[in-house]
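Listed below, chain by chain, are the residues.
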Amino acid sequence: MIDFLIAIIEGVILGVTFYGCVRLRMRVAPMMLEKYGQKPRKITWLLSIALMVALANLGLLLLRTSLFGFVGHDPSIATEACFAITALVTGCLLVLRHTRGSDSCATDAGPSTIKEPTE
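Residue indices begin from 1 for each chain and proceed along its sequence in written order. Per-residue local features of the predicted model are confined to residues with pLDDT of at least 70, and side-chain atom pairs are confined, for both listing and counting, to 80 or more; whole-chain, interface and lining totals are unaffected and use all residues. Note that water and hydrogens are dropped before the side-chain values are worked out from all heavy atoms of the structure.

Engineer: Residue-level account of the pattern of salt bridges, with values.
Structural biologist: Salt bridge, as applied in this entry: a Lys or Arg side-chain nitrogen positioned within 4 Å of an Asp or Glu carboxyl oxygen. All chains considered together, the criterion is met by 1 salt bridge. The partner of Glu80 in a salt bridge is Arg64, and the shortest N-O contact between them spans 2.8 Å. With Glu80 in helix α3 (residues 77–99) and Arg64 in helix α2 (residues 38–70), this pair connects stretches of sequence that are 16 residues apart. Per the convention used, a helix needs a DSSP run of H or I reaching at least four residues, while a strand needs a run of E reaching at least two, with both numbered from the N terminus.

Okay, structure coming up:
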């Protein structure tokens, strides 16, 4: 049972870290587009995805290390799946909660490129 508790706690921490990566990308990508164009914006997206994959692998390594230290055995597939699902659900729920906020589009989109119709 302690295996799953540790997996859930570390999964929530990883999910919050994923949310931080998405928020950073939401801030930086429009600035890169405005200053340098489309190609640096795409590179920003790719780097943020690579960072999240690296963080997921590091999180899994930390889960295995902490479970071996606390419990004395390697985690089962079910424990690792619990960790991964918890991280994914936490990150997605935080991002969805943010995007449903009233002013999230106004603060993250950068300068508006939509032209208002003139009459």
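Engineer: Summarise the environment of Val95; cite the residues concerned and give the values.
Structural biologist: Structurally, the position occupied by Val95 is in helix α3. Between the alpha carbons of Val95 and Phe18 there is a distance of 9.2 Å; along the sequence they are 77 residues apart. What Val95 contacts, discounting residues up to four positions off in sequence, is Tyr19 and Val22. Contacts are residue-level and defined by heavy atoms, with any inter-residue pair within 4.5 Å sufficient.

Engineer: Kindly report on the environment of His98, identifying the contributing residues and their values.
Structural biologist: Of note, His98 is situated in helix α3. Summary of the burial criterion: residues with accessible area below 20% of their type's maximum are buried, those above 50% are exposed, and those between are partly exposed, where the area comes from a 1.4 Å probe applied to protein chains only. Residue His98 is classed as buried on the basis of its relative accessible area, which comes to 16%. Sequence separation between His98 and Arg23 is 75 residues, and the spatial gap between their C-alpha atoms is 9.3 Å.

Engineer: Outline α3, supporting the account with residue identities and numerical values.
Structural biologist: Along its 23 residues, α3 runs 33 Å from first to last C-alpha, staying within 8% of the 33 Å computed at 1.5 Å per residue. When α3 is considered as a whole, its buried residues turn out to be Thr79, Glu80, Cys82, Phe83, Thr86, Ala87, Thr90, Gly91, Leu94 and His98. One less than the number of residues in a helix, times 1.5 Å, gives the span that helix is expected to have.

Engineer: Talk me through the packing of helix α1 (residues 2–36) against α2; I want residue IDs and the actual numbers.
Structural biologist: Note on definitions: angles span 0 to 180 degrees between N-to-C directions of axes, and those axes are lines fitted to C-alpha atoms, for helices only across the stretch in contact. It is at 9 Å that the axes of α1 and α2 come closest, and there the two elements cross at 165 degrees. If you check the angle between α1 and α2, you find them roughly antiparallel. For the crossing formed where α1 meets α2, the hand is right-handed. Just so you know the grouping, Ala, Val, Leu, Ile, Met, Phe, Trp, Tyr, Cys and Pro go in nonpolar, Asp, Glu, Lys and Arg go in charged, and all remaining residues, Gly too, go in polar. Residues belonging to the contact of α1 with α2 are distributed by class as follows: 22 nonpolar, 6 polar and 4 charged. Angle categories: roughly parallel below 35 degrees, roughly antiparallel above 145, roughly perpendicular from 65 to 115, and oblique for all the rest. Crossing handedness is read from the near helix: turned anticlockwise from the far helix by less than a right angle, it gives a left-handed crossing, and turned clockwise, a right-handed one.

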